[in-house]
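Here is what each chain is made of, one letter per residue.
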Amino acid sequence: MTAPDISELQESLLAEVASADSLDALEAVRVSALGKKGAITAQMKGLGALDGEARKEAGQALNRVKDAVQAAIGARQAALDAVALEARLAHETVDVTLPPRPRLEGHLHPVSQVTEECIAIFGEMGFTVAEGPDIEDDFHNFTALNIPPEHPARQMHDTFYLNPPDDRPAPVLRTHTSPVQIRTMETSKPPIRIIAPGRTYRSDSDATHTPMFHQIEALVVDETTHMGHLKGCIIDFCRAFFDIPDLPVRFRPSHFPFTEPSMEVDIGCSREGGELRIGNFGEGADNWLEIMGSGMVHPKVLEYGGIDPTKYQGFAFGMGIDRIAMLKYGIPDLRTFFDADIRWLRHYGFVPLAVPSMVRGL
Ligand code: PHE
């Protein structure tokens, strides 16, 4: 073997590498040079026939060729990879300035829409959104809300009980969003100002009750909040939600174990001609519709939540999201909410891009 042979071999291999225009072609070149039956490998095998100094020199020269070819293959591979990436990026580019497709088909369910509307209103007042589990333990759903085991209020909740995993009381599907009050108190310090929208469950079914429904809860705890704040907050919410600035709002004494005092909240309506309409129709005895429960947080509830009731106080209220959705958007039967009927959704649903906000309007 002579020196020119080797430099010729190197030149021709490097030329092949340079002209490889795909990763497959490059791999073929690699195999033909460095593979078991490759040109360089063949030369290596031939070294055994040489002896002494000649063998050493030829071996070193071959190694240099091998290194040069390997380096060239590495560089070529990097270049081909870069080209492939460029091509892919160019191909997958999304033009974010394009207008949305006109054939946007889906609609938001009224429950989603109304939840967003509530969040927009309460968000403007400084509330943040809190959540809790649908499967709740007896303590959070009842006991910590001042509803001990034999309390008659437990019967009123038509509770779904689950099989107990051990000898603790059976877990329940939460009957209201009020357990989120306790969970929030357990995990955060006052001042607290949260709303908790979510699914709730009671064993009940007719035109205005479904076994699964939705509530939104509000909780405020700090050192100074009093009943005046509760009333102002609820009145502002009702008028903003129904978009009726002079909507009458009435507070009626009531009872909940977890608030003291407790009030039910009525809003103005008319039932004339058998049709229910929300608004200011005068203070007639028949012109009121109950929409939520409210009250000042009971000191025992604060205590269960780990908050000192001699220092802190606050208010809470809760209402049915489905119910206020029916009232606002004139949907007569609650059961239709959960039929998953696409025609119903087209009729009562909302365009997903019209996000409710206090600035743009609900
Ligand atoms: N949890 C009550 C219900 O489901 C509503 C409520 C919440 C009442 C908070 C007072 C305070 O009926």
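Residues numbered from 1 in each chain as written. Predicted model: local features only at pLDDT ≥ 70, side-chain atom pairs only at ≥ 80, totals over all residues. Heavy atoms only, no water.

(A) A look at unusual backbone geometry. Of the consecutive residues Pro190 and Pro191, the connecting peptide bond is found in the cis state with omega at 0°. Mapped onto the elements of the fold, Pro191 is located in the loop between helix H8 (179–187) and strand S4 (192–201). Of note, the bond from Glu260 into Pro261 is cis; its omega dihedral lies within 30 degrees of zero at -5°. The residue Pro261 is located in strand S7 (residues 259–270) in this model. In this structure, Asp243 takes a positive phi of about 55° despite not being glycine. Take Asp243: it is sitting in the loop between helix H9 (227–242) and strand S6 (249–256). Judged by its relative accessible area of 64%, Asp243 is exposed. For Ala340, which is not a glycine, the phi torsion comes out positive at approximately 55°. Tracing the chain through its elements places Ala340 in the loop between helix H11 (321–329) and helix H12 (342–348). Classification of Ala340 by relative accessible area gives exposed; the value is 75%. (Helix = DSSP H or I, 4+ residues; strand = E, 2+ residues; numbered from the N terminus. Buried < 20%, exposed > 50% of the residue type's maximum accessible area, 1.4 Å probe, protein only.)

(B) Examining the site of the ligand more closely. His176, Ser178, Arg202, Gln215 and Glu217 are the nearest of the 14 residues found near the ligand. Between the ligand and Arg202, the relevant distance is 3.0 Å, taken from an oxygen atom to a side-chain nitrogen or oxygen of the residue. Gln215 places a polar side-chain atom, nitrogen or oxygen, 3.0 Å from an oxygen atom of the ligand. When the ligand sits alone it has 330 Å² of accessible area, and the protein chains cover 89% of it. A molecule is said to occupy a pocket when more than half its atoms come within 2 Å of that pocket's grid points, and by this definition the ligand occupies the largest pocket. At the level of secondary structure, the elements contributing two or more residues to the shell around the ligand comprise strand S5 (212–222), strand S9 (288–297) and strand S10 (313–320). (Near = heavy atom within 4 Å. Polar contact = N/O pair within 3.5 Å; in protein donor to acceptor, adjacent residues only side chain to side chain. Areas by Shrake-Rupley, 256 points an atom, 1.4 Å probe, with all protein chains shown as cover. 1 Å grid on protein atoms, 1.4 Å probe; cavity = no way out; pocket = protein on both sides within 12 Å on 5 of 7 lines; lining within 4 Å. Sits in = over half its atoms within 2 Å of the grid points.)

(C) The arrangement of the environment of Pro299 in detail. Locating Pro299 in the fold gives a position in helix H10 (residues 299–304). Its relative accessible area of 41% is what places Pro299 among the partly exposed residues. It is 8.2 Å that separates the C-alpha atoms of Pro299 and Glu260, two residues lying 39 residues apart in sequence.

(D) Focus on the side chain of Gln181. Its place among the elements puts Gln181 in helix H8. In this structure Gln181 touches Leu145, Glu217, Leu219, Val297, Val301 and Ala316, once residues within four positions along its chain are discounted. (Contact = heavy atoms within 4.5 Å.)

(E) Looking closely at the packing of helix H2 (residues 23–34) against helix H4 (residues 52–92). The geometry of H2 relative to H4 is characterised by a closest axis approach of 10 Å and an angle of 170° between their N-to-C directions. Accordingly, the angle class assigned to the pair H2 and H4 is roughly antiparallel. Judged by residue contacts, Leu23, Leu26, Arg30, Ala33 and Leu34 of H2 engage Lys66, Val69, Gln70, Ile73, Arg76, Gln77, Leu80 and Asp81 from H4. Of the residues contributing to the contact of H2 with H4, the split by class is seven nonpolar, two polar and four charged. (Axes fitted to C-alpha atoms, helices over the stretch in contact; angles between N-to-C directions. Parallel < 35°, antiparallel > 145°, perpendicular 65-115°, else oblique. Nonpolar A, V, L, I, M, F, W, Y, C, P; charged D, E, K, R; others polar.)

(F) The packing of aromatic side chains, seen in detail. This structure, assessed with the given rule, holds twelve aromatic pairs. Pairing Phe122 with Phe317 gives two aromatic rings, centres 5.8 Å apart and planes at 45°, and the pair type is tilted. Within this pair, whereas Phe122 is found in helix H5 (residues 110–124), its partner Phe317 is found in strand S10, the two being separated by 195 residues in sequence. Neither residue differs from the other here; Phe122 and Phe317 are each classed as buried. On the basis of an interplanar angle of 50° and a centroid distance of 5.4 Å, the ring pair of Phe337 and Trp344 is categorised as tilted. Since its relative accessible area comes to 3%, Phe337 is described here as buried. Relative accessible area serves as the criterion here: at 12%, Trp344 is assigned to the buried category. Of note, Lys328 hangs over the ring of Phe241, and the distance from its end group to the ring centre comes to 4.4 Å. (Phe/Tyr/Trp six-rings, centres within 6.5 Å; stacked < 30°, edge-to-face > 60°. Lys NZ or Arg CZ within 6 Å of the ring centre and 35° of its normal.)

(G) Representation of the packing of H2 against helix H3 (residues 39–46) in the model. At a minimum axis distance of 3 Å, the contact between H2 and H3 shows a crossing angle of 10°. On the basis of the axis angle, H2 is roughly parallel to H3. Within the contact between the two elements, H2 uses Ser32, Ala33 and Leu34 and H3 uses Ala39, Ile40 and Thr41. Of the residues in the contact of H2 with H3, the class split is four nonpolar, two polar and no charged.

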